[in-house]
There are 2 protein chains.
Amino acid sequence: MSDTSSLDALIQALRRLPGIGQKSAQRMAFHLLQHDRAGAQLLSQALAQASSHVRHCVRCHTFTEGELCEVCQDPGRDTARLCVVETPADQAAMERTGAFKGLYFVLMGRLSPLDGVGPRDIGVQELLERAGDGVVQEVILATSFTAEGEATAHALAEALKRRGVRVTRLARGVPVGSELEYVDLGTIAHALADRR
Amino acid sequence: MSDTSSLDALIQALRRLPGIGQKSAQRMAFHLLQHDRAGAQLLSQALAQASSHVRHCVRCHTFTEGELCEVCQDPGRDTARLCVVETPADQAAMERTGAFKGLYFVLMGRLSPLDGVGPRDIGVQELLERAGDGVVQEVILATSFTAEGEATAHALAEALKRRGVRVTRLARGVPVGSELEYVDLGTIAHALADRR
Ligand SMILES: [Zn+2]
Ligand SMILES: [Zn+2]
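This one's a predicted model, so the numbers in the text were calculated from it and none came from an experiment.

1. Looking at the overall build of chain A
A tally of helices and strands in chain A yields eight helices and six strands. Ordered by position from N to C terminus, the α and β elements of chain A give α-α-α-β-β-α-β-α-β-α-β-α-β-α. Computed over its C-alpha atoms, the radius of gyration of chain A comes to 21 Å, more than 25% above the 16 Å expected for a compact globule of 196 residues. Projected onto its principal axes, the C-alpha coordinates of chain A cover approximately 65 × 45 × 35 Å. Relative to all contacts within chain A whose residues are 6 or more apart in sequence, the contacts with residues 24 or more apart total 46%.

Shown next, in the form of structure tokens:
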């Protein structure tokens, strides 16, 4: 793309971002250098700052900058209920509902044998220890309702039940606000089976 | 997304990239922090380096790290022919055909009144001076064959012809509606040979 080794290095570095190929990386580099150098510097600093400051909460594994995240530090949470989610974004969605007052365990991924993600990568051993601490009375599995999320939930449920921990799963059903005719049949079938 | 201000700042900074919304920015930040901190640091350094070192060639306006880009410095180029392209990526595509031995003028954009991009933003005055220097005998307009690229070519052709400069346009071998950067090299080479 011309004799600019800094530019070529930037394009290659942008390709480390998930889902970004050569053309997108070129377009991004061009945009930043031509129209938004302030944005380039901001992003440079944000990357340096985050990659040196962000760590994992020792209790729930989510991203945090201290030893414990804010949720784990909150004395008002119900310590008897532990919700297992895949990512910090899923945890944030759960928090926004305002419907859960317990604590979390964030897997930071899900079991995916084809991608080489095994039990150790998502902290299964730590989850089992946490769930068996005598304080937790119910583990709510809130992994995704995808093939991998379901497989992860199934594996965790088996391991937890073997240790006598009570395990529940988020209900499958018709999304609030949707008309039945537009909902996929598998979802309707599950909602029927799980009717209360 | 939890109590991580560095993480939030990173997500906001990633949204400065073109085409990246909140969800994509979250996914990128999560990926870098969870799986590729080395990539995050590499990208941070590449952004800092490029945004401080990359400048514009004083002659053709493309990205370069010196005063003049390599093409403009090359004594073997045909100084009588000047090819006008929109971006460094378009210039690189033209170079890869091996069919053009002249020099370039890189607009670093195209006329787009709706986006507030006018003649000054694409260096029309510098192009007119360059084309009227007595050395240039033909200006080949190789802007995109899109509505904005055609309008830009039309405006440049009018201004150049008024000054008595010979103006040609890449032949319409290039598929209408496509951007030069994405066209196969043979088509570009034919369009160059058939220029009118
Ligand atoms: Zn925590
Ligand atoms: Zn140059």
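2. What to know about the coordination of the zinc ion (ligand 1)
All names here are of chain A. Only Cys57 (SG), Cys60 (SG), Cys69 (SG) and Cys72 (SG) from the protein reach the zinc ion (ligand 1) as donors, at distances of 2.2 to 2.4 Å. Coordination at the zinc ion (ligand 1) comes from four donor atoms whose angles at the metal span 103 to 121 degrees, giving a geometry best classed as tetrahedral. Expressed as a motif, the donor residue spacing for the zinc ion (ligand 1) is C-x2-C-x8-C-x2-C. Taking the relative accessible area as the measure of exposure, Cys57 reaches 1% and is therefore buried. On the basis of relative accessibility, which here comes to 1%, the residue Cys60 falls in the buried class.

3. Considering helix α6 (residues 124–131) of chain A
Residue and element names in this part refer to chain A. Here α6 has its buried residues at Val124, Leu127, Leu128, Arg130 and Ala131. Buried residues in α6, looked at end-on, bunch into an arc of 165 degrees, giving them a common side. Tucked inside the fold, the buried residues of α6 contact β3 (78–85), β4 (102–106), β5 (138–141) and α7 (147–162).

4. So, the packing of aromatic side chains
The geometry of an aromatic ring pair is captured by the separation of the ring centres together with the interplanar angle, meaning the angle of the planes. What the rule picks out here adds up to four aromatic pairs over all chains. A centroid spacing of 5.7 Å and a plane angle of 70 degrees characterise the contact between A:Phe63 and B:Phe30, whose relative ring orientation is edge-to-face. Within this pair, whereas A:Phe63 is found in strand β2 (residues 63–64), its partner B:Phe30 is found in helix α2 (residues 22–35), the two belonging to separate chains. Summarising the burial analysis for this pair, A:Phe63 and B:Phe30 share the class buried. On the numbers, 5.3 Å between centres and 65 degrees between planes, the contact of B:Phe100 with B:Tyr104 is edge-to-face. Note on accessibility: B:Phe100 and B:Tyr104 belong to one class, buried. For A:Arg169, the ring lying beneath its charged end belongs to A:Phe145, and the centroid distance is 4.0 Å.

5. As for unusual backbone geometry
All names here are of chain A. Of note in this structure, Met108 is not a glycine but carries a positive phi near 60 degrees. Relative to the helices and strands, Met108 is located in the loop between β4 and α6. In this structure Met108 comes out as buried when scored by relative accessible area, which is 5%.

6. Some details on the coordination of the zinc ion (ligand 2)
Donor atoms from the polypeptide that bind the zinc ion (ligand 2) are B:Cys57 (SG), B:Cys60 (SG), B:Cys69 (SG) and B:Cys72 (SG), placed at 2.3 to 2.4 Å. Given four donor atoms and angles of 104 to 120 degrees at the metal, the environment of the zinc ion (ligand 2) is assigned as tetrahedral.

7. Comments concerning the pattern of salt bridges
For the coordinates displayed, the defined rule picks out 19 salt bridges over all chains. As a salt-bridge pair, A:Arg166 and A:Glu138 come within 3.5 Å of each other at their nearest N and O atoms. Of this pair, A:Arg166 sits in the loop between α7 and β6 (167–169) while A:Glu138 sits in strand β5, and the two are 28 residues apart along the sequence. Between B:Arg169 and B:Glu150 there is a salt bridge, and its shortest N-O distance comes to 3.1 Å. Of this pair, B:Arg169 sits in strand β6 (residues 167–169) while B:Glu150 sits in helix α7 (residues 147–162), placing them 19 residues apart in sequence. The buried category is assigned to B:Arg169, whose relative accessible area is 11%. Classification of B:Glu150 by relative accessible area gives partly exposed; the value is 23%.

8. Some points on the sheet that holds β6(B)
Residues and elements named next belong to chain B. Reading across the sheet, the four strands line up as β4-β3-β5-β6 and stay open at both edges, with parallel pairing between neighbours. Each of the sheet's edge strands pairs with one partner strand only, and the pair in question is β4 (102–106) and β6. Along the sheet, successive strands turn relative to each other by an average axial angle of 30 degrees, direction set aside. Sheet strands touched by helix α5 (residues 88–97): β3 (78–85) and β4. Its angle to β4, the strand with the most contacts, is close to 160 degrees. Sheet strands touched by α7: β3, β5 (138–141) and β6. Its angle to β6, the strand with the most contacts, is close to 165 degrees.

9. Quick word on the interface of chain B and chain A
Taken together, the contact between chain B and chain A spans 54 residues of the former and 53 residues of the latter. Of the roughly 5,000 Å² buried between chain B and chain A, counting both surfaces, carbon and sulfur atoms make up 65%. Seen at the junction of chain B and chain A, the total is two salt bridges. Close ionic contact of A:Asp36 with B:Arg16 constitutes a salt bridge, the shortest N to O distance being 3.0 Å. The interface formed by chain B and chain A holds 13 residue pairs in polar contact (both at pLDDT 80 or more) in total. Secondary-structure elements contributing two or more residues to the side of chain B that touches chain A are α1 (5–14), α2, α3 (37–53), β1 (55–56), β2 (63–64) and α5 of chain B.

10. Topic: the sheet that holds β3(A)
All names here are of chain A. Read across the sheet, four strands follow the order β4-β3-β5-β6 without closing on themselves; strand pairing throughout is parallel. Sheet topology places β4 and β6 at the edges, where each strand pairs with a single neighbour. Along the sheet, successive strands turn relative to each other by an average axial angle of 30 degrees, direction set aside. Of the strand pairs in this sheet, β3 and β4 are connected by five bridges, and their pairing is parallel. Bridge assignment links Val84 to a residue of β4, and that residue is Phe105. The strands that α7 touches are β3, β5 and β6; relative to β6, the one it contacts most, it runs at about 165 degrees.

Calculation rules
- Residues numbered from 1 in each chain as written.
- Chains lettered and ligands numbered in written order.
- Predicted model: local features only at pLDDT ≥ 70, side-chain atom pairs only at ≥ 80, totals over all residues.
- Heavy atoms only, no water.
- Helix = DSSP H or I, 4+ residues; strand = E, 2+ residues; numbered from the N terminus.
- Rg over C-alpha atoms; globule rule 2.2 N^0.38 Å.
- Contact = heavy atoms within 4.5 Å.
- Donors = N, O, S within 2.8 Å, 3.2 Å for Na, K, Ca; no water.
- Tetrahedral: all angles 85-135°; square planar, octahedral: opposite > 155°, others 65-115°.
- Buried < 20%, exposed > 50% of the residue type's maximum accessible area, 1.4 Å probe, protein only.
- Arc of directions from axis to C-beta.
- Phe/Tyr/Trp six-rings, centres within 6.5 Å; stacked < 30°, edge-to-face > 60°.
- Lys NZ or Arg CZ within 6 Å of the ring centre and 35° of its normal.
- Salt bridge = Lys/Arg side-chain N within 4 Å of Asp/Glu carboxyl O.
- Pairing = 2+ DSSP bridges.
- Axes fitted to C-alpha atoms, helices over the stretch in contact; angles between N-to-C directions.
- Buried area = accessible area lost by both parts, 1.4 Å probe.
- Polar contact = N/O pair within 3.5 Å; in protein donor to acceptor, adjacent residues only side chain to side chain.

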